[in-house]
Amino acid sequence: MVNILNEVYVSEETLKLLKEAGFDWACRKIQVRLGVFDSRPTLTVAQKWIREVCGADICVHAFRNNSYRPVIYKYDKDGGGKDYTDYENIWFNTYEDALAYGITRYLNILLKNKK
């Protein structure tokens, strides 16, 4: 995850998964290392692509103890759906960390099911 001017971009690992899943939206180039630029989506752009193209929602629930948990739900054509949420004790200190985890987890599930 790369944070530039309050915009959080996907990590290099997540970018690879997105591309493998078919992500082809135009993205802003950012500097990821000294002299190295890369075209990456923000977490919210990746979340939107997954919702619009893959038909899955990745939401983040906030709890009273300032912790966050991602919720992953995939809709089918008949209006039903499947919950891919990890209901183990996976909690995050920030909304962005929870969203990044949810995106990466869903992409891994999607690519595993494509094989």
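For the structure given in this document, a descriptive report is provided here. Computed from a prediction, not measured in an experiment: that's the story for all the values here. (Residues numbered from 1 in each chain as written. Predicted model: local features only at pLDDT ≥ 70, side-chain atom pairs only at ≥ 80, totals over all residues. Heavy atoms only, no water.)

### Points about the environment of Val-60
Considering the arrangement of structural elements, one finds Val-60 in strand E5 (residues 56-63). Spatially, the C-alpha atom of Val-60 lies 5.9 Å from that of Val-71, the residues being 11 residues apart in sequence. Setting aside anything within four residues of it in sequence, one finds Val-60 in contact with Tyr-68, Arg-69, Pro-70, Tyr-95, Ala-98 and Leu-99. (Helix = DSSP H or I, 4+ residues; strand = E, 2+ residues; numbered from the N terminus. Contact = heavy atoms within 4.5 Å.)

### Details of the sheet that holds strand E6 (residues 67-75)
Judged by pairing direction, the sheet is antiparallel, and its three strands sit side by side in the order E5-E6-E7 without closing on themselves. Unpaired on one side and paired on the other, E5 and strand E7 (81-83) mark the two borders of the sheet. Across the sheet, the mean angle separating the axes of adjacent strands is 25 degrees when strand polarity is ignored. In the packing of helix H2 (residues 43-54) onto the sheet, the strands contacted are E5 and E6, and the crossing angle to E5 comes to about 140 degrees. Across the sheet, helix H3 (residues 95-114) is in contact with E5 and E6; its angle to E6 comes to roughly 30 degrees. (Pairing = 2+ DSSP bridges. Axes fitted to C-alpha atoms, helices over the stretch in contact; angles between N-to-C directions.)

### Considering the packing of H2 against H3
Running from amino to carboxyl end, H2 crosses H3 at an angle of 35 degrees, the nearest separation of the two axes being 10 Å. Regarding H2 and H3, the two cross each other, and that crossing is left-handed. Taken together, the residues of H3 that come into contact with H2 (itself represented by Leu-43, Ala-46, Gln-47, Trp-49, Ile-50 and Cys-54) are Tyr-95, Glu-96, Leu-99, Ala-100, Ile-103, Tyr-106, Leu-107 and Leu-110. Class assignment for the residues of the contact of H2 with H3 results in 12 nonpolar, one polar and one charged. (Left-handed = near helix turned anticlockwise from the far one by under 90°. Nonpolar A, V, L, I, M, F, W, Y, C, P; charged D, E, K, R; others polar.)

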